[in-house]
Amino acid sequence: MNSGRESESLVSFEVDGSTLSVRDKFGGGIQQFEADPPLVLDPALEELFHFPVDRAVSFDGAEFNIGQHDSVLLRDETGEVTFEAAEESRTSPPGTHYLEISGSVKAYVRIPDAAVTLEYVGTMYESPVRVKLSAERTITVGARSTHSLPAATITVPDDPAARMEAFSYLGSSIKEFSPERSWPTLRGHPPRILRGEALEIPSVLSKPDTGIVVTVPETHADLYRVAPLAFYFGASIEPGTEPALHLPNGYSESLTTPDRTLEESVERIISACFLLDTLARQDGYVPIPTREYGLVAPHLSFYPESLASEPLGDQLMEQLEAPMQPVLDALPRWPVTAVLRPDPSDVTLVPYLLDSMAHISVAEPGTVSSPVTVRDRPTKPFAVGYSHSTVPSGGVALDDRAFERELNETLPVVDEAVVAVVTDDADRAELLRSHLEYAPLRAYPERIAVHADPTTDELEGLFESGADLVVLDLSATGSTVACADGPLELSTLSECRPNVVVLDADRTGESSVASVVDAGATVSLEAPGVTSPDPGLRIVGCLLRGNSVARTAELLFDPSEYRIAGVPTEMAVLWDTGQNGECYVIDTVAPGEHAAEFVVTPSKPLGIGSVHWLRQDFSPDEHQLVGTSIEMAEHLSTAQVVDLLADEDVVVVLNGEVYADALPPTRDLVERSAARALRSDSGDEPTDTELNERVSE
């Protein structure tokens with residue numbers, strides 16, 4: 001249910017001979033199917049599908065191929081997974097089945113009353129999947145836009161009353177206002193907002209009819225604070241002297257209390273209802289039991305899944321009365337919390353922030369809270385962004401131009417990414433090259449090039465066409481970078497290809513990190529020692545494992561050491577297997593015994609609300625929400641820790657030290673780390689040998 005969805009079709013179907021192409025208008029992707037001609041399409045009902053789709057068509061046939069994709073799952077009539085397509089042939093029992101195709105377009109195929117055989121025609125994930133039916137049937141293809149782009153742009157004046165009307169359309173991108181909207185692919189990007197002389201709301205948008213109303217005073221600050229409620233609940237925003245949440249059944253919840261501010265109330269309501277929605281999905285499209293269900297459900301007076309089919313107002317009544325502490329204890333870490341100014345110009349940032357479900361605070365210039373303080377909140381965000389001219393260390397200087405750039409870029413997969421490490425120190429360049437010879441960057445060493453003392457032409461070439469990620473150890477003031485033959489002004493580049501640029505904090509002014517984004521990067525990080533073998537290789541190793549820039553900085557540096565500008569959730573690369581931002585935190589508890597927990601952070605492929613299943617012999621057989629950590633069922637042996645250090649998919653934090661390709665994974669390395677940790681726990685001082693070993697590492 002959502003009359004707030006855009007009326008214009010988000011996906012299209014085109015036939016060219018034997019090829020059916022499904023295009024995502026607001027996601028930019030294409031999914032192709034090959035079938036025997038003549039391929040004749042007929043309109044089909046979207047209601048035929050177990051999962052929500054934006055549009056559907058059908059054709060008759062008994063065999064077809066699925067083109068480039070990320071994965072193909074066969075599900076039964078109830079939505080349960082039967083099997084995944086593999087290189088060997090697999091056949092289902094007769095019945096009605098759904099194919100779920102993940103890729104640049106979210107596509108589904110309904111096959112009625114047939115046995116279905118799937119097999120790759122070549123290498124798994126790299127070649128088409130051949131689909132054979134036991135008899136000719138009417139095959140129905142449906143697709144849902146990933147909706148990663150705004151479908152329309154709303155223009156707003158600076159009048160708060162007009163902005164209240166505009167904010168009431170923020171939820172128009174959400175596919176349905178059931179607990180399923182806690183899945184990131186069912187939320188969609190809110191419409192873009194620009195400042196103008198008069199309110200203009202495009203006709204393709206319609207206001208959600210959830211019946212939820214939020215009242216706040218007519219101030220820019222309070223409007224920003226309640227924007228997450230407008231988006232996630234499809235709430236209308238109306239003027240009122242006291243901030244309150246009003247449900248269709250007449251119940252009202254005050255949003256300010258003697259114990260909580262408006263910001264705190266909104267954060268608690270969004271966080272708690274979001275988590276309870278993920279539990280209610282147990283009776284939804286994909287009934288996946290998560291460990292969080294077991295942590296929270298026993299403390300509730302209702303079964304979370306019983307709310308799945310209830311009207312939104314009734315769901316909220318139950319959720320608002322749930323005991324808060326068990327819910328807060330089970331919350332995933334949030335991608336972003338934003339601190340905005342009470343300024344009308346910050347309105348343009350709001351839709352980009354809501355796309356990642358950001359919490360929003362407001363602070364006057366000079367009164368902003370530090371990132372450390374913000375991270376003390378229940379949601380513990382990975383990144384804290386600011387719109388202020390002065391951003392505290394450890395924070396992110398938000399830039400709406402960078403968000404707009406991010407919408408239209410395509411990140412490289414890791415084995416296609418080009419990394420340029422640039423320094424004007426010839427000895428350091430040679431040292432880096434020698435480290436790259438033995439550092440375990442197995443999947444991509446040939447794409448990491450070290451450049452020493454570049455000229456302006458050479459550096460210009462790297463920025464305009466040569467690299468996806470640039471690590472820059474050159475003196476810089478603002479956007480002016482010192483090269484061997486003189487200064488290069490980055491703002492004069494015809495284009496800026498690297499979406500991620502890392503600067504050495506010891507050689508740049510405070511304005512440089514933002515100036516690089518002004519010049520065209522999507523995100524920049526300023527941190528110390530970025531081209532020294534340690535932490536230089538660790539920075540590259542973390543980024544090339546699909547971690548966001550903010551997560552990489554958090555892993556490697558104290559908040560006082562770094563600054564970020566641009567899009568805090570931006571990544572340098574994507575793992576083509578979808579394993580982004582995976583991390584093991586391992587602590588030695590006894591000789592040969594290591595306690596471990598697994599952390600998976602939100603990313604572009606796995607937004608907040610996604611579910612992850614770690615399949616290891618030593619891990620609990622449980623699904624976890626992205627953004628949470630899960631303890632391993634048993635202590636790991638030293639050999640198992642060595643294997644994890646050698647795993648190119650993950651980052652390992654071993655006894656407080658981050659190991660991400662800087663050192664070869666060996667038993668000796670683990671044993672030395674364990675000895676140091678156990679000695680530290682006992683209160684003994686490190687020996688001279690141990691100090692020398694630590695320096696050499």
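Fair warning: this is a prediction, and the values are worked out from it, not measured in the lab.

Visitor: Which parts of the structure should I look at to understand the overall build of the protein?
Guide: When its secondary structure is counted, the protein shows 17 helices and 38 strands. On C-alpha atoms alone, the protein measures out to a radius of gyration of 26 Å, which is about the 26 Å that the 2.2 N^0.38 rule sets for 697 residues. Expressed along its principal axes, the backbone C-alpha trace of the protein runs to roughly 70 × 65 × 55 Å. Within the protein, buried positions represent 57% of all 697 residues. For the protein, the exposed surface amounts to about 26,500 Å²; the carbon and sulfur share of it is 47%. Once the 48 positive and 114 negative side-chain charges of the protein are each reduced to a mean point, those two points are 1 Å apart.

Visitor: I'm lost on helix 2 (residues 220-232) in this one. Help?
Guide: Three or four residues apart is the spacing at which side chains of an α-helix point the same way, because the helix has 3.6 residues per turn. Taking 1.5 Å per residue as the helical rise, helix 2 with its 13 residues ought to reach 18 Å, and the 19 Å between its terminal C-alpha atoms agrees with that figure. The principal kink in helix 2, of about 45 degrees, is found at valine 226, preceding the proline proline 228 by one to four residues. A large share of helix 2 lies buried, amounting to 13 of its 13 residues. Just downstream of helix 2, glycine 234 is the residue with a positive phi angle, here 60 degrees.

Visitor: How should I be thinking about the sheet that holds strand 33 (residues 593-600) in this particular structure?
Guide: As a general point, the strands of a sheet are linked pairwise by backbone hydrogen bonds and lie either parallel or antiparallel. The strand order across the open sheet built from five strands is 36-33-32-37-38, with neighbouring strands paired in mixed fashion. Here the strands that pair on one side only, and so sit at the sheet edges, are strand 36 (629-631) and strand 38 (657-659). Taken pair by pair, the neighbouring strands of this sheet meet at an average axis angle of 25 degrees, ignoring direction. As judged from the five bridges shared by strand 32 (residues 582-590) and strand 37 (residues 650-654), these two strands associate in the parallel manner. Its bridge partner lying in strand 37, valine 585 is registered against valine 653. Here helix 15 (residues 638-645) sits on the sheet and contacts strand 32, strand 33, strand 37 and strand 38; the angle it forms with strand 37, its principal contact strand, is near 135 degrees.

Visitor: Would you mind going over the nonpolar core with me for this structure?
Guide: Formed by 115 residues in total, the largest nonpolar core has its most connected members in Phe167 and Phe233. It is helix 2 that contributes the most residues to this core, nine residues altogether. In this structure, Val22, Phe83, Ala114 and Val116 belong to the second largest nonpolar core, which totals 31 residues.

Visitor: So what exactly am I meant to see when it comes to the packing of aromatic side chains here?
Guide: Both the distance between ring centres and the angle between the ring planes are used here to describe each pair of aromatic rings. This structure, assessed with the given rule, holds twelve aromatic pairs. With a centroid separation of 6.3 Å and an interplanar angle of 85 degrees, the aromatic rings of phenylalanine 59 and phenylalanine 64 are classed as edge-to-face. For phenylalanine 59, a relative accessible area of 4% puts it in the buried group. Ring-pair connections join several aromatic residues into one group, and the members of that group are Tyr232, Phe233, Phe274 and Trp334. Geometry around tyrosine 232 places arginine 181 over its ring, the cationic atom sitting 3.9 Å from the centre. The aromatic ring of tyrosine 659 is capped on one face by arginine 538, whose charged end is 5.4 Å from the ring centroid.

Visitor: When you look at the side chain of glutamate 263 in this model, what are you seeing that I'm missing?
Guide: With respect to the helices and strands, the residue glutamate 263 is situated in helix 3 (residues 262-280). The buried category is assigned to glutamate 263, whose relative accessible area is 17%. Polar contacts involving the side chain of glutamate 263 include one to the side chain of serine 361, which spans 3.3 Å. Residues within four places of glutamate 263 in sequence aside, it is in contact with Arg225, Ile360, Ser361, Val362 and Arg377.

Visitor: So what exactly am I meant to see when it comes to the confidence of the model for the protein here?
Guide: Where the model shows low pLDDT, its predicted coordinates should not be examined in detail. Considering every residue of the protein, the mean pLDDT works out to 90; 95% of them sit at 70 or more. Confidence drops under a pLDDT of 50 for residues 1-8, and excluding neighbours within four residues, the segment shows 34 contacts in the predicted structure. With pLDDT under 50 throughout, residues 688-697 is counted as low confidence; its partners more than four residues away or in other chains account for 14 contacts.

Visitor: I would appreciate a short explanation of the pattern of salt bridges in the present structure.
Guide: Side-chain pairs of opposite charge can arise where the charged atoms are in close proximity. One pass over the structure, following the stated rule, counts 33 salt bridges. We note a salt bridge from lysine 207 to glutamate 165, for which the minimum N-O separation is 3.2 Å. Pair noted here: lysine 207 is in the loop between strand 14 (192-195) and strand 15 (213-216) and glutamate 165 is in helix 1 (residues 160-167), with a separation of 42 residues, a long-range link. The exposure class assigned to lysine 207 is partly exposed, which follows from its relative accessible area of 28%.

Visitor: In this structure, what is going on with the sheet that holds strand 24 (residues 448-452)? I would like to understand it.
Guide: Spatially, the ten strands line up as an open sheet ordered 20-19-21-22-31-30-29-25-23-24, and their pairing is mixed. Two strands lie at the open edges of the sheet, namely strand 20 (359-362) and strand 24, each paired on one side alone.

Visitor: It is not clear to me how the environment of tyrosine 232 should be interpreted in this structure. Could you clarify?
Guide: Following the sequence through the fold, tyrosine 232 ends up in helix 2. Taking C-alpha positions, tyrosine 232 is 10.0 Å from serine 173, a pair spaced 59 residues apart along the chain. Reaching out from tyrosine 232, the side chain makes a polar contact with the side chain of aspartate 277 at a distance of 2.6 Å.

Visitor: I tried to follow the environment of proline 94 on my own but got confused; where do I start?
Guide: Within the fold, proline 94 resides in the loop between strand 8 (90-91) and strand 9 (97-102). With relative accessibility at 67%, the residue proline 94 sits in the exposed group. Each C-alpha atom, one on proline 94 and one on isoleucine 269, is 46 Å from the other, the two residues being 175 residues apart in sequence.

Visitor: What exactly am I supposed to notice about a negative patch on the surface here?
Guide: There is a patch of like negative charges on the surface, built from Glu87, Glu126, Asp415 and Glu416. Examined against the element boundaries, glutamate 87 turns out to sit in the loop between strand 7 (81-84) and strand 8. With relative accessibility at 43%, the residue glutamate 87 sits in the partly exposed group.

Visitor: Would you explain the pairing of strand 15 in this entry?
Guide: Side-chain positions along a regular strand alternate between the two faces of the sheet. Side chains Val213 and Thr215 project from strand 15 onto one buried face, and the interleaved Val214 and Val216 project onto a second face that is buried too. For the handedness criterion, the β-α-β arrangement of strand 15, helix 2 and strand 16 (residues 236-239) is classed as right-handed. Sheet topology note: the strand 15/strand 17 (residues 244-246) ladder contains three bridges and is antiparallel. The residue bridging valine 213 from the neighbouring strand is histidine 246, located in strand 17.

Visitor: Would you take a moment to explain the packing of helix 13 (residues 533-543) against helix 14 (residues 549-556) for this structure?
Guide: When two helices pack together, their arrangement is captured by the angle between the axes and the distance separating the axes. At a minimum axis distance of 9 Å, the contact between helix 13 and helix 14 shows a crossing angle of 140 degrees. If you check the angle between helix 13 and helix 14, you find them oblique. Where helix 13 crosses over helix 14, the two elements pack in a sense that is right-handed. In this structure, helix 13 uses Arg538, Ile539, Cys542 and Leu543 to contact helix 14, whose residues at the interface are Val549, Thr552, Leu555 and Leu556. Taken together, the residues of the contact of helix 13 with helix 14 break down into six nonpolar, one polar and one charged.

Visitor: So what exactly am I meant to see when it comes to the side chain of glutamine 315 here?
Guide: Residue position: glutamine 315 is located in helix 5 (residues 312-320). Glutamine 315 gets classed as buried once you look at its relative accessible area, which sits at 1%.

Visitor: It is not clear to me how unusual backbone geometry should be interpreted in this structure. Could you clarify?
Guide: Negative phi is the rule for most residues except glycine; trans is the rule for most peptide bonds. Of note in the backbone geometry, tyrosine 125 takes a positive phi value of approximately 75 degrees without being a glycine. Along the polypeptide, tyrosine 125 turns up in the loop between strand 11 (116-120) and strand 12 (129-144). The phi torsion at asparagine 655 lies on the positive side, around 50 degrees, for a residue other than glycine. As for its position among the elements, asparagine 655 is in the loop between strand 37 and strand 38.

Conventions we followed
Residues numbered from 1 in each chain as written. Predicted model: local features only at pLDDT ≥ 70, side-chain atom pairs only at ≥ 80, totals over all residues. Heavy atoms only, no water. Helix = DSSP H or I, 4+ residues; strand = E, 2+ residues; numbered from the N terminus. Rg over C-alpha atoms; globule rule 2.2 N^0.38 Å. Buried < 20%, exposed > 50% of the residue type's maximum accessible area, 1.4 Å probe, protein only. Areas by Shrake-Rupley, 256 points an atom, 1.4 Å probe, with all protein chains shown as cover. Lys, Arg positive; Asp, Glu negative; His and termini not counted. Charge placed at Lys NZ, Arg CZ, Asp CG, Glu CD. Expected span 1.5 Å × (residues − 1). Bend = angle between axes of the 7 residues up to and from the residue. Pairing = 2+ DSSP bridges. Axes fitted to C-alpha atoms, helices over the stretch in contact; angles between N-to-C directions. Contact = heavy atoms within 4.5 Å. Core = buried A, V, L, I, M, F, W, Y, C linked by side-chain atoms within 4.5 Å. Phe/Tyr/Trp six-rings, centres within 6.5 Å; stacked < 30°, edge-to-face > 60°. Lys NZ or Arg CZ within 6 Å of the ring centre and 35° of its normal. Polar contact = N/O pair within 3.5 Å; in protein donor to acceptor, adjacent residues only side chain to side chain. pLDDT = per-residue confidence, 0-100. Salt bridge = Lys/Arg side-chain N within 4 Å of Asp/Glu carboxyl O. Patch = residues over 30% accessible without salt bridge, like charges linked within 9 Å, V, L, I, M, F, W, Y side chains within 5 Å. Right-handed = clockwise from strand over helix to strand, strands pointing away. Parallel < 35°, antiparallel > 145°, perpendicular 65-115°, else oblique. Left-handed = near helix turned anticlockwise from the far one by under 90°. Nonpolar A, V, L, I, M, F, W, Y, C, P; charged D, E, K, R; others polar.

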